[in-house]
Amino acid sequence: MSKRSEAAGKKKQSEKRRLLLESIWGDDLHNTPVWDRTENDGYTTIPRVLPHIGRLADRLAGKGTPVSPTYFALWCRVWDEGCIEIKDKEDLAYEAGFSGQRAIYSLTQRIRKLKELGFIKTKSKGNNEFQYIMIVNPFSVLQAKKNDLYEAEYRTLCMRMHEVGADWPKENLDKEEK
């Protein structure tokens, strides 16, 4: 599909959604401030299947070490280049749901687990073990670990990916064919 026809398709879908919203909310739609990523600052692009990715990451991490809140907090800090510079561990720990004396320790354990699972890569700076974090394409990670997941969970992810137009990274599909 050409870029031009893809853009036209997106515009048509956007118009359909606008008409649906107007039919559901009527005048209230125009009187209610809604989040518009094209008009508001302070947003990032995240996969529409992030809730599924989080559940699967938690499963892969094992009982007692949910990594999805930390993963989500990292996604909320990432720039389009896929990297994050951790300037304040206390703030990140808070965003990931940790507080108290063990907040930094718990955050560090979750970041290590995300790294071990392949969802992120890290680089240190001085004494800071995780000064820089790169978010790896989660579809690549899950495709490589599909044998470690329940078939129904994996199928649910695939169905949602199809719904939103996401696809597995081409490099993973090429490796599987060989």
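This report concerns the structure included in the present document.

What counts, and at which threshold
Residues numbered from 1 in each chain as written. Predicted model: local features only at pLDDT ≥ 70, side-chain atom pairs only at ≥ 80, totals over all residues. Heavy atoms only, no water. Phe/Tyr/Trp six-rings, centres within 6.5 Å; stacked < 30°, edge-to-face > 60°. Helix = DSSP H or I, 4+ residues; strand = E, 2+ residues; numbered from the N terminus. Buried < 20%, exposed > 50% of the residue type's maximum accessible area, 1.4 Å probe, protein only. 1 Å grid on protein atoms, 1.4 Å probe; cavity = no way out; pocket = protein on both sides within 12 Å on 5 of 7 lines; lining within 4 Å. Points joined across faces, edges and corners; volume = space filled by probe spheres on them. Nonpolar A, V, L, I, M, F, W, Y, C, P; charged D, E, K, R; others polar.

1. A closer look at the packing of aromatic side chains
What the rule picks out here adds up to 4 aromatic pairs. Between the aromatic rings of Tyr71 and Trp75, the centroid separation amounts to 6.2 Å while the plane-to-plane angle is 85°, which identifies the pairing as edge-to-face. You can see Tyr71 and its partner Trp75 sitting in helix H4 (residues 68-75), 4 residues apart, about one turn around the helix. Taking relative accessible area as the criterion, Tyr71 reaches 1% and is therefore assigned buried.

2. Overview of the layout of surface pockets
Estimated volume of the largest pocket: approximately 990 Å³. In terms of lining, the largest pocket is formed by 19 residues, of which the most central are Arg17, Trp35, Asp36, Arg37 and Arg48. Elements that contribute at least two residues to the lining of the largest pocket include exactly helix H1 (3-25) and helix H2 (27-31). No other element matches H1, which puts 5 residues into the lining of the largest pocket. Computed from the structure, the second largest pocket encloses a volume of approximately 370 Å³. No other element matches the 3 residues that strand S1 (residues 83-85) contributes to the lining of the second largest pocket. Looking at the lining of the second largest pocket residue by residue, the class counts come to 8 nonpolar, 3 polar and 4 charged.

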